[in-house]
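So the chains spell out like this:
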Amino acid sequence: MSGAVKVLESMDRCTKCGICQAHCPVATATEAFPGPKYTGPQGQRFRVIEQFTETSPMLCSGCGICTSVCPNDVKISDIIAFAKAAMLADGAKLPLGQKVMNRPEGVGRIAAVAPTLANGLLGNRALRGLAEAFLGLHRDAPLPRFHGGRFRRWLARHQQPDGPVVSYFTGCAIEHYDPFVGIAAVRVLNSLGLRVSAPTKACCALPMLSSGEWGAARGRAEALVASLAGAERPIVSTSTSCSLTLREKYATYLSMTEGAAAEVADAIVDICEFLLAAHSDALEASLTALPLRVLYHGPCQLRGHAMGQPALELLRLIPELALEVSEASCCGIAGTYGYDKDKHAIAMAVGDTLFKQINRGSPDVVVTDSETCRWHTEQATQVPCRHPVELLAASIDGNFEAWRSERS
Amino acid sequence: MRSDVIIVGAELDGLVAALRLLEQGYSVRIFCRGASSLHSAPGGIHLLSPKGASQEPPLAGVEALDPRHPYRLMGLPGVEQALAWFFRTCEALGQSYCPNGGNSLALTPAGMTLPTFAPFRHQASLAAVQAARVAVASFRDHRDFPAGLLLQGLQKAGVSATGIELEAPEGRSESVAIARAFDRLTDPKAYFRGVKDRLAAGSELVLFPALLGLEKQETLIGDAAGQGLVCLEVPTLPPSVAGMRLAFALERRILQSNGLFHRGVTVAGRRNGDGRVIGVTDQRDRFYAAKAFILASGGVLMGGLEVEADGMVLEPTFDLPVAQTAPLDALQVDQALDALHRTGVEVDESLRPQGKGQHTHDNLFVTGTTLGHWNPMGEASGEGVSIATGWAAAEAARRYLEAS
């Protein structure tokens, strides 16, 4: 059965109970979005029968909370994603800024030529105003700093143990913006005697998939699968959204269900999921005290994996870590959704629950598995946001002061 | 990935079992498919009601039930202990209930009444409105509260009632959005003063749809009282904020107590050995081990039990025997509905599943609508049996863990 059929057939199980409406963070934040029940299964019937067009799918952030709370396994957010892609195929236009963000590897390559200049430009308020006017990129949206090439340069010099090899799918965030997470991941894996290879710099094309540019996404998806086809197993990822894309979205959205695509989907694993399932005893033995107050937020994409919260279980192994758990289902940014000038206010309103909880508890650090969640939350709260493996690495080293200053 | 106890299902029974075990220091992992049916619940606690309102304690009717009914298997002292624990726990979580010994007649949005043992605090009952001049409030563009039906019902019962349409805070129109907007209200006193000013002279009591906050209902209703506005709430159609308040409060407490949720997961397989369950697997074959297991996955309506094409009922999670004398016959609607509820897993007094006269596993306990021989709708006993069996399963699991 093709991905589309599986998704669209699931709408017959909708009983209109309204639970998805009750949990949708976007519909709760704004009346402009009618909510997943209407935009999803209810609206879909009209799209099929009457070529019904209305633009509410474009307001969906794709966070997938609706699907995760549905008691009847209706693939609500996927139904909306199909509607979005059909609208673009029919000639609907994306803001130029979204198109730029959908090509993070291209942006990263250009910026890598002169990262200092690029970072200077990004920090310039006047230029951000222009970017808002011409690209539709909100002036306050959390743009990361460019660190192009830094992870690769570090890895090339880094001495690794001679143990079994684990492949690391880095993705754009590690390659261009957040090398520190990659370095921490390698150090944690090394501490377990594992040798890390990073076979590709390619992007998984998730921003394209979630904004509906499926035609352009296909070529990138196929190229990435080809470059990972021969990689050692397992293939770990430090981005819950990239790993979900490889694991499920290529099959669902692009019908890539055979051959190398299926093998890669089977081999890809979230790094915390992998550490917890295969190495939790060895890891626990090497963790030392980290007397920090930490708030853990499981990002919306993690819910899509339907595997609980492996990072939370790992963080609980760290001695002396005072852990609070986020009560929010989404920070609002939902990948690249909150970067759009028309959606940034929605992203801030969605994030309000999380930001308030952070401000109330004033933790030393917020930990979350997805990159844009970290950038968005850090910008909104001024509290440092880190990936779970950064805390594990600090706990293994027993030196959180060094970990604090590493980025500066 | 080991835990002391794995619970399959996060309905009221599963949440009660989880919280009871966590507060005794056990580690708990919960698997659930989606959000719980508390999202559709009216919010009050229904214990048992063969008929109408009564000052009699509803549990006095237990003796007349099927001897295999969960209340009778557990015995009344257990049920009473479970309820006392539940009300105490909820009080501490800011969810107050008002049990008063007998059943009161809670108002439904359709203008009917539902015999309720413990209404939530500020839940409207027939007795509370009978002697008052009542205004029924509704919010503009909100579709899930048929105020007209409620008004008709009240008038039929001889209550003097008029309707008043209000603007919800922030102009919101969906139930949960309205409730959250009430939680965010910066000047509740001004809002309720505005409502008071619009009331017909002589109105003594306002019935609101139960949307006065998901978290701050107590404070908000207090603020209204401060403005001379006596408010009670009537639950809405689903999604029901009154039921969600309880779900959210229990889930939050479970998270704070280190409980782990796996949401959106259907348990796909199990591993047995030596008369026990050893572990379960999820949709990607991840294996989770535990020392004891609680099956709280719900009945046919919640997807915890499945009906085959031939009308026979299966328990898919642990493949437990289901007590069923005849296939369900959809053409006999009334009987089929009762049979649908009463068909389920048979258990002993420790809630261990029974087959061929003995229990099937030493460390598996079954709760709620997965159990046979009761009918939550027909008896109006849904919350009562869920709380009682959830609590009892936690006790049984604790005894098992202590002994092993």
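Predicted model only: the values in this text are computed from it and were never measured.

(A) Structural detail: the overall build of chain B. Per the secondary structure count, chain B includes twelve helices and 19 strands. Against the compact-globule benchmark of 22 Å for 404 residues, chain B has a radius of gyration of 22 Å, which places it among compact chains. Oriented by its inertia axes, the alpha-carbon framework of chain B measures out at about 75 × 45 × 40 Å. The buried share of chain B, taken over its 404 residues, is 51%. Restricting the contact set of chain B to residue pairs at least 6 apart, pairs at least 24 apart contribute 69%.

(B) Spotlight on the overall build of chain A. A count of helices and strands for chain A gives 24 helices and eight strands. For chain A, the C-alpha radius of gyration of 21 Å lies close to 22 Å, the compact-globule estimate for 408 residues. Based on the C-alpha atoms only, the size of chain A along its principal axes is roughly 60 × 50 × 40 Å. Within chain A, the proportion of its 408 residues that are buried is 54%. In chain A, once contacts between residues fewer than 6 apart in sequence are set aside, the share between residues at least 24 apart is 78%.

(C) The interface of chain B and chain A, seen in detail. Taken together, the 24 residues of chain B in the interface contact 26 residues of chain A. When residues of the side of chain B that touches chain A are traced back to their parent elements, those giving at least two are α6 (175-184), α9 (241-256) and β9 (260-263) of chain B. Take the side of chain B that touches chain A: its biggest share by element is four residues, from β9(B). Counted by class, the side of chain B that touches chain A contains eleven nonpolar, six polar and seven charged residues.

(D) Summary view of the sheet that holds strand β6 (residues 160-166) of chain B. All names here are of chain B. Strand order across the open sheet formed by four strands is β6-β5-β7-β8, with parallel pairing between neighbours. Only two strands of the sheet have a single neighbouring strand rather than two, namely β6 and β8 (231-234). When the angles between neighbouring strand axes are averaged without regard to direction, this sheet yields 30°. Sheet analysis places strand β7 (residues 205-209) next to β8, joined by four bridges and oriented parallel. Within β8, the position partnered with V206 by the bridge is C231.

(E) Examining the sheet that holds strand β4 (residues 268-270) of chain A more closely. Residue and element names in this part refer to chain A. Taken in spatial order, the four strands of this open sheet run β2-β1-β3-β4, and their pairing is parallel. Strands at the two margins of the open sheet, each flanked by one partner only, are β2 (195-197) and β4. In this sheet, neighbouring strand axes are inclined to one another by 40° on average, regardless of whether the strands run parallel or antiparallel. Note: strand β1 (residues 165-169) against strand β3 (residues 235-237), three bridges, orientation parallel. For S167, the partnering residue across the bridge sits in β3 and is I235. Packed on one face of the sheet, helix α16 (residues 240-254) meets β1, β3 and β4 and runs near 150° to β4. The strands touched by helix α18 (residues 271-286) within the sheet are β3 and β4, with β4 carrying the most contacts at an inclination of about 85°.

(F) Region of interest: the packing of α16(A) against helix α17 (residues 259-267) of chain A. Residue and element names in this part refer to chain A. Across the interface, α16 lies against α17 with an axial gap of 8 Å and an inter-helix angle of 145°. Contacts between α16 and α17 pair L246, R247, Y250 and A251 from the former with A261, V264 and A265 from the latter. Among the residues forming the contact of α16 with α17, the class breakdown is six nonpolar, no polar and one charged.

(G) Just the environment of A:S211, in detail. Residue and element names in this part refer to chain A. Relative to the helices and strands, S211 resides in helix α14 (residues 206-211). Between the alpha carbons of S211 and L88 there is a distance of 8.9 Å; along the sequence they are 123 residues apart. S211 has contacts with L94, Q98 and N102, leaving out every residue within four places of it along the chain.

(H) Representation of the pairing of strand β12 (residues 287-295) of chain B in the model. Residues and elements named next belong to chain B. Bridging between strand β1 (residues 2-8) and β12 involves six bridges; their strand directions are parallel. The residue bridging R2 from the neighbouring strand is A289, located in β12. Strand direction decides the pairing type here: strand β11 (residues 276-281) and β12, joined by three bridges, are antiparallel. Within β12, the position partnered with V280 by the bridge is Y288.

(I) Spatial organisation of the environment of B:R180. Along the chain, B:R180 falls in helix α6. Separated by 59 residues in the primary sequence, B:R180 and B:P239 have C-alpha atoms spaced 13 Å apart. With near-sequence residues (within four places) excluded, B:R180 lies in contact with A:T28 and B:L214.

(J) Main features of helix α21 (residues 344-361) of chain A. Residue and element names in this part refer to chain A. With 18 residues, α21 ought to run about 26 Å at 1.5 Å a step, and its terminal C-alpha atoms sit 25 Å apart, in line with that. The largest bend in α21 amounts to roughly 50° and is located at D352. Taken together, the buried positions of α21 are occupied by H344, I346, A347, M348, V350, G351, T353, L354, F355 and I358. In this structure, the buried residues of α21 make contact with α3 (25-29), β5 (293-297), β7 (365-368) and α22 (371-381).

(K) Geometry of helix α5 (residues 147-156) of chain B. Residues and elements named next belong to chain B. All of the buried residues in α5 are A147, L150, L151, G153 and L154. Burial along α5 is one-sided: seen end-on, the buried residues are contained in an arc of 165°. For α5, exposure combined with an orientation more than 90 degrees from the buried face picks out G148 and K156. Looking at the buried positions of α5, the neighbouring elements they touch are β3 (104-107), α4 (126-130), β5 (133-139), β6 and β8.

(L) Just the nonpolar core, in detail. Among the nonpolar cores identified, the biggest contains 232 residues, and A:L315, B:V5, B:I7, B:A18, B:L207 and B:I294 are the most heavily contacted of them. For this core, the leading source of residues is helix α12 (residues 382-403) of chain B, giving nine residues. Beyond its immediate stretch of four places on either side in the chain, B:I294 contacts B:V5, B:I7, B:G14, B:A17, B:F365, B:T367, B:A393 and B:A397. Judged by nonpolar contacts, the second largest core, of five residues, contains A:M101, A:A131, A:L137 and A:A141.

(M) Spatial organisation of unusual backbone geometry. Looking along the chain, the bond that leaves A:R233 and enters A:P234 is cis, with omega of -5°. Take A:P234: it is sitting in the loop between α15 (214-228) and β3. The peptide bond linking B:P238 to B:P239 adopts the cis configuration, its omega dihedral lying at -5°. With respect to the secondary-structure elements, B:P239 resides in the loop between β8 and α9. For A:S255, which is not glycine, the phi torsion reads 50° and is therefore positive. Along the chain, A:S255 falls in the loop between α16 and α17. Residue B:L351 is not a glycine yet carries a positive backbone phi of 65°.

(N) The pairing of β9(B), seen in detail. Residues and elements named next belong to chain B. Burial along β9 is two-sided: L260 and H262 facing one way and F261 and R263 facing the other are all buried. Here four bridges tie strand β2 (residues 28-32) to β9, and the two strands are oriented parallel to one another. Within the sheet, the bridge partner assigned to C32 lies in β9 and is R263.

(O) Seen up close, the packing of α15(A) against α17(A). Residues and elements named next belong to chain A. Where α15 meets α17, the closest approach of the two axes is 9 Å, and the angle between their N-to-C directions is 70°. As summarised for this structure, α15 and α17 are arranged roughly perpendicular, according to the angle between their axes. Here the hand of the crossing between α15 and α17 comes out left-handed. Mapping the contact onto sequence places V225, A226 and L228 in α15 and A260, A261 and V264 in α17. When the residues that make up the contact of α15 with α17 are grouped by side-chain class, the tally is six nonpolar, no polar and no charged.

Rules used throughout
- Residues numbered from 1 in each chain as written.
- Chains lettered and ligands numbered in written order.
- Predicted model: local features only at pLDDT ≥ 70, side-chain atom pairs only at ≥ 80, totals over all residues.
- Helix = DSSP H or I, 4+ residues; strand = E, 2+ residues; numbered from the N terminus.
- Rg over C-alpha atoms; globule rule 2.2 N^0.38 Å.
- Buried ≥ 20, exposed ≤ 12 C-beta atoms within 10 Å, placed from the backbone.
- Contact = placed C-beta atoms within 7 Å.
- Nonpolar A, V, L, I, M, F, W, Y, C, P; charged D, E, K, R; others polar.
- Pairing = 2+ DSSP bridges.
- Axes fitted to C-alpha atoms, helices over the stretch in contact; angles between N-to-C directions.
- Expected span 1.5 Å × (residues − 1).
- Bend = angle between axes of the 7 residues up to and from the residue.
- Arc of directions from axis to C-beta.
- Core = buried A, V, L, I, M, F, W, Y, C linked by C-beta atoms within 7 Å.
- Parallel < 35°, antiparallel > 145°, perpendicular 65-115°, else oblique.
- Left-handed = near helix turned anticlockwise from the far one by under 90°.

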